[in-house]
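# Close look at the chain arrangement
If you want the building blocks of each chain, they are given just below.
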Amino acid sequence: MPYTAAPTRYDAMQYRPCGKSGLKLPVISLGLWQNFGGSRSVAEVESILTRAFDLGVTHFDLANNYGPPYGSAESNAGEVFSGALSPYRDELVISTKAGYDMWPGPYGNGGSRKYLLGSLEASLKRLQLDYVDIFYSHRFDPETPLEETMGALDAAVRQGKARYVGISSYPSEQTKTAVEILTTLGTPLLIHQPPYSMLLRRIEGGLLDVLGRLGVGCIAFMPLAQGVLTDRYLDGIPSGSRASQPGTLGAAQVGDHVLDKVRALSELAKRRHQTMAQMALAWTLRDNRVTSALIGVSSVTQLEDNVATIENLTFTAGELDEMEKILTS
Ligand code: NDP
């Protein structure tokens, strides 16, 4: 049966303004870095994306190299964007990025105008879209003048191939310069995408202040520390989990040094009538300067668990103190 979006899709989700822009993002956004590439069927990808949309998740985050193999997450998502979700294009915020290695040779990596604009063309083909809503420079490239990289983002908007622009994992200093350049060009920086979770709090050291002061949105990637800040690893490493496969989460990252903290945090989550994942997501959203928590999932069940975070986003000062003690113990 053809997909029809749930009429209730906007009833519960909360949306926050992205910096000082007019664009609002759901507090939970869905990223397709892992679990949406070559090993997944389009039907599986569609079931997760449509369930997300039914729950008010309007923002889907991609990059040229998400898969594996590179490009396959965009290709799978493209089948859904041009199929089940095509009637809803104006209700969706779809992003993609370029910055890491994508194709061989000197023009398939980094921050050059040649790479960024070439990659965006290829992403649009895979995504089967005329434009993306946000086009990101995936990382700062010290070998390319920032003026060139920002000029490429500006050009993407002027060509009608992106609505807004973003940067990811840029340090504070380069973020400030990027904002200045983009403001001069007339394409304000919409959003920054840094990593942020209870286990990785670098942005509290200055970047979040910069973003707040300059009115740039912040979407926190890896808010569950790739699954470590959930109940996934409390009884060992399950087969099929991210840590059980070669890739980005090594067994060393799920040792008792961290799981003891997660166990203690889980007790507090229970008292808050939340799952560990929900408490970890609510924590990243406790500061309004964080526009959205950008999650990954491998199933509809995980997605539903994570979206239910919106039922309790507040913490008492005592709870935050208790978490701080556990995290710094
Ligand atoms: P998370 O920290 O949200 O980890 C996701 C993983 O956690 C899932 O794949 C799953 O692991 C596990 N998980 C999720 N929900 C639950 C739950 N409720 N219960 C138990 N386990 C759960 O984020 P990701 O690392 O996936 O990154 C999210 C997104 O951030 C990416 O898709 C991408 O869009 C973006 N990102 C951006 C980067 C950048 O450089 N800009 C870099 C990295 C990510 P399992 O698969 O084992 O089931």
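Our structure is the block above this text.
Residues numbered from 1 in each chain as written. Predicted model: local features only at pLDDT ≥ 70, side-chain atom pairs only at ≥ 80, totals over all residues.

With that settled, consider helix α2 (residues 72-81). Most of α2 sits inside the fold, with seven of its 10 residues counted as buried. Turning to α2, its buried residues are Ala 73, Glu 74, Asn 76, Ala 77, Gly 78, Val 80 and Phe 81. On its buried face, α2 sits against α1 (42-54), β4 (59-61), β5 (93-98) and α3 (113-127). (Buried ≥ 20, exposed ≤ 12 C-beta atoms within 10 Å, placed from the backbone. Helix = DSSP H or I, 4+ residues; strand = E, 2+ residues; numbered from the N terminus. Contact = placed C-beta atoms within 7 Å.)

The geometry of α1 relative to α2 is characterised by a closest axis approach of 9 Å and an angle of 65 degrees between their N-to-C directions. By the criterion of interaxial angle, the relationship of α1 to α2 is roughly perpendicular. Crossing angle aside, the handedness with which α1 passes α2 is right-handed. Contacts from Val 42, Val 45, Glu 46 and Leu 49 of α1 reach α2 at Asn 76, Ala 77, Glu 79 and Val 80. For the contact of α1 with α2, the residue count by class is five nonpolar, one polar and two charged. (Axes fitted to C-alpha atoms, helices over the stretch in contact; angles between N-to-C directions. Parallel < 35°, antiparallel > 145°, perpendicular 65-115°, else oblique. Left-handed = near helix turned anticlockwise from the far one by under 90°. Nonpolar A, V, L, I, M, F, W, Y, C, P; charged D, E, K, R; others polar.)

What follows deals with the sheet that holds strand β10 (residues 292-295). With parallel pairing, eight strands are arranged side by side around a closed barrel as β3-β4-β5-β6-β7-β8-β9-β10. The sheet shows a mean angle of 30 degrees between the axes of neighbouring strands, direction not considered. (Pairing = 2+ DSSP bridges.)

With that settled, consider the site of the ligand. Close contacts around the ligand come from 30 residues, with Gly 31, Trp 33, Leu 224, Gly 227 and Gly 296 the closest. Counting residues per element, the shell around the ligand draws most heavily on helix α9 (residues 300-307), which supplies three residues. The residue inventory of the shell around the ligand, partitioned by class, reads 11 nonpolar, 15 polar and four charged. (Near = placed C-beta within 6 Å.)

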